[in-house]
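# Working through the structure, step by step
What follows is the residue order along each chain.
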Amino acid sequence: MLYHAGDPVDLIIVRSTPLGYIVQINDQDEGLLFKNDVYQSLERGEEVKGYIKQVREDGKIDVSLRPQGFRNVIDPDCDTILSVLKEKKVLYLSDKSSPESIRKSLQMSKKAFKKAIGFLYKRKVIRLFDDRIELLQS
């Protein structure tokens, strides 16, 4: 089957490797989901939604659990942060927080977290402190 970057696909986790996870794409092709793109636990046989990251020149397929491109990623990340803030009123994370604590709290990378809080800060939705983030009252 012909795939293009960004195409949504169904993935089945086949096995773990040192690089990440070998996955079955749409019940027919094999691809690789890199470990540094995974922010949740995955089990062999688990079915997840994914996206084509790239089809390499050698024909191998890289996949991601997140859509590619700023616009496709920023909105869900902002929604995740906002939902936590609406529930708890404060999020005890900052741009200085460890990648592990961000991953544990929000299931996203530190890079994605920093992009999302920057986006929300510029739109005057949140207030940033050295040790926390607070939702501004609208």
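The structure this text deals with has already been given above.
First, a word on what this report is: a plain description of the structure on this page. Owing to the predicted nature of the structure, the values given are computational and were not obtained by experimental measurement. (Residues numbered from 1 in each chain as written. Predicted model: local features only at pLDDT ≥ 70, side-chain atom pairs only at ≥ 80, totals over all residues. Heavy atoms only, no water.)

## Observations regarding the pattern of salt bridges
Following the criterion strictly, the structure yields six salt bridges and no others. With a shortest N-O distance of 2.5 Å, Lys 53 and Asp 37 are connected by a salt bridge. A residue pair is termed long-range when its members are at least 10 positions apart, and Lys 53 in strand S4 (residues 47-55) and Asp 37 in the loop between strand S3 (29-34) and S4 qualify at 16 residues. Residue classification places Asp 37 among the buried positions, given a relative accessible area of 15%. Arg 56 is the partner of Asp 62 in a salt bridge, and the nearest nitrogen-oxygen pair spans 3.3 Å. Exposure remark for Asp 62: the relative accessible area of 3% places this residue in the buried category. According to the relative accessible area criterion, Arg 56 is partly exposed, its value standing at 29%. Each of Asp 131, Arg 132 and Glu 134 takes part in a single network of salt bridges with overlapping partners. (Salt bridge = Lys/Arg side-chain N within 4 Å of Asp/Glu carboxyl O. Helix = DSSP H or I, 4+ residues; strand = E, 2+ residues; numbered from the N terminus. Buried < 20%, exposed > 50% of the residue type's maximum accessible area, 1.4 Å probe, protein only.)

## Details of the pairing of S3
In terms of strand pairing, strand S2 (residues 20-25) meets S3 through six bridges, oriented antiparallel. For Gly 20, the partnering residue across the bridge sits in S3 and is Phe 34. Linkage of S2 to S3, two consecutive antiparallel strands, is achieved through a turn of three residues, within which Asn 26 is found at a positive phi near 50°. Where S3 lies against strand S5 (residues 61-64), three bridges are found, and the strand directions are parallel. Among the inter-strand pairings, Gly 31 is bridged to a residue of S5, identified as Ile 61. (Pairing = 2+ DSSP bridges.)

## Points about unusual backbone geometry
If you check the backbone angles, Asp 27 has positive phi at about 60° while not being a glycine. Checked against the element boundaries, Asp 27 lands in the loop between S2 and S3. Although it is not a glycine, Lys 124 sits at a positive phi angle of roughly 55°. By secondary structure assignment, the location of Lys 124 is in the loop between helix H3 (110-122) and strand S7 (126-128). For Lys 124, a relative accessible area of 65% corresponds to the exposed category.

## Some remarks on the side chain of Ser 97
On the secondary structure map, Ser 97 appears in the loop between strand S6 (90-91) and helix H2 (99-106). Its relative accessible area of 13% is what places Ser 97 among the buried residues. At 2.7 Å, the side chain of Ser 97 forms a polar contact with the backbone nitrogen of Ser 94. Setting aside anything within four residues of it in sequence, one finds Ser 97 in contact with Ile 102 and Lys 110. (Polar contact = N/O pair within 3.5 Å; in protein donor to acceptor, adjacent residues only side chain to side chain. Contact = heavy atoms within 4.5 Å.)

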